[in-house]
Every structure is written in structure tokens, then in C-alpha cells.
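Examination of the molecular architecture
Chain by chain, the residues:
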Amino acid sequence: MLGYVTVGTNDLERAAKFYDAIAAEMGIGRMMEFDSFIAWGEVDGPAGIAATKPYDGKPASVGNGTMVALQAADSAQVQRLYEVALANGGTDEGEPGPRGEADEQGNVFYAAYFRDPDGNKLNAFVMEKTGVTEMAG
């Protein structure tokens, strides 16, 4: 349903450094670029992310309760994305780890939370099996 998500920035060069590093860890690159806008993703691929200077010329600001979720391949990639974010000007909003209880299929929500240099909140997440095996019977 989603084509891409856009976050505002007051410093496109700084945002580009942050999102270039995040995208590289996820195996993707830039798919569109203009003077005030950069988008990362794959044409006709899953939803991407873009950073832009606001069209109205006013300062960018973050939305309270707004968050972009990045789907990771596994919990190891969640950890790497968190580390990449912090190494590129991001700030911690919640270290990597399981959140909540496993569902009926034994999957647990594993996530890390961080903010980009402009303060936009993101998370990296995966649903993974907890290692619980069913009893033979």
C-alpha cells in the first residue's frame, strides 16, 4: 500500500549521510535525487524512504507519535542498523531487543529505536522465531 515515506530535514547533506549509511546496510541505494529531495529504495520495489527540505520553506519539524519502521532481514541486521544509525549522527530511543511476548506461531517482535539527526524517529524491526520448538506428539 505504501510507496514511500518522507521525513523532513533542515540539512539535506547531513540527512543524506545518515540515510546513505542506513540504505547501504539494507542493500539499497538512492533511487531519486533533486536539490531539495533524496529518495532511497528500488523502483517498483517495496516502500522506500525520502528526506526533503519542506516545500513551504519553513523549518522541518518532527511529528509527535510519528515513526518510520524499517523491516530488517533478521535480528543481527536490527543490531547493525542501530549501530549504523548511532555512528552517523542518530540518537538512541531504545536498544535492540525483543518487545512483548511471542505470538501463537512462536514469533517475537525484535526491534531497535533511534532518531535521525533531524529528530525523526525510526525503528528497525523483524518478526523472528523465538527458538521454541513444538513437542512431538
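Shown above is the structure to which this text applies.
Residues numbered from 1 in each chain as written. Predicted model: local features only at pLDDT ≥ 70, side-chain atom pairs only at ≥ 80, totals over all residues. Heavy atoms only, no water.

Below, the discussion takes up the layout of surface pockets. There is about 460 Å³ of room inside the largest pocket. Contributing to the lining of the largest pocket are 19 residues, with M26, A47, G48, L70 and Q71 lying nearest its centre. Among the elements that make up the lining of the largest pocket, the one with the highest residue count is strand 5 (residues 68–71) (four residues). Grouping the amino acids of the lining of the largest pocket by side-chain chemistry returns 15 nonpolar, three polar and one charged. (1 Å grid on protein atoms, 1.4 Å probe; cavity = no way out; pocket = protein on both sides within 12 Å on 5 of 7 lines; lining within 4 Å. Points joined across faces, edges and corners; volume = space filled by probe spheres on them. Helix = DSSP H or I, 4+ residues; strand = E, 2+ residues; numbered from the N terminus. Nonpolar A, V, L, I, M, F, W, Y, C, P; charged D, E, K, R; others polar.)

On to the sheet that holds strand 4 (residues 48–52), then. Strands sit in the order 1-4-3-2 across an open sheet of four strands; the sheet is mixed. In this open sheet, the two edge strands, each paired with only one partner strand, are strand 1 (4–8) and strand 2 (29–34). Averaged over all neighbouring strand pairs, the angle between strand axes comes to 20°, with direction disregarded. As defined by bridge partners, strand 1 adjoins strand 4 across five bridges and the pair is classed as parallel. Counted as the bridge partner of G8 is T52 from strand 4. (Pairing = 2+ DSSP bridges. Axes fitted to C-alpha atoms, helices over the stretch in contact; angles between N-to-C directions.)

A few words on the nonpolar core. Ranked by internal contacts, the top residues of the largest apolar core, which has 27 residues, are Y19, I22, W40, F114 and L122. Where this core is concerned, the elements lending two or more residues are helix 1 (12–25), strand 3 (37–41), strand 4, strand 5, helix 2 (75–87), strand 7 (107–115) and strand 8 (121–129). Counting residues per element, this core draws most heavily on helix 1, at eight residues. (Core = buried A, V, L, I, M, F, W, Y, C linked by side-chain atoms within 4.5 Å. Buried < 20%, exposed > 50% of the residue type's maximum accessible area, 1.4 Å probe, protein only.)

Residues that lie three or four places apart on an α-helix share one face, since the helix turns once every 3.6 residues. Here helix 2 contains 13 residues, and its C-alpha end-to-end distance of 18 Å stays within 8% of the 18 Å for a straight helix at 1.5 Å per residue. If you check which residues of helix 2 are buried, you get Q77, V78, L81, Y82, V84 and A85. Buried positions in helix 2, seen along its axis, are confined to an arc of 165° and lie on one side of it. Next to the buried residues of helix 2 lie helix 1, strand 6 (91–99), strand 7 and strand 8. The opening residue of helix 2 is D74, an N-cap whose side-chain oxygen sits 3.2 Å from the backbone nitrogen of A76. (Expected span 1.5 Å × (residues − 1). Arc of directions from axis to C-beta. Contact = heavy atoms within 4.5 Å. Polar contact = N/O pair within 3.5 Å; in protein donor to acceptor, adjacent residues only side chain to side chain.)

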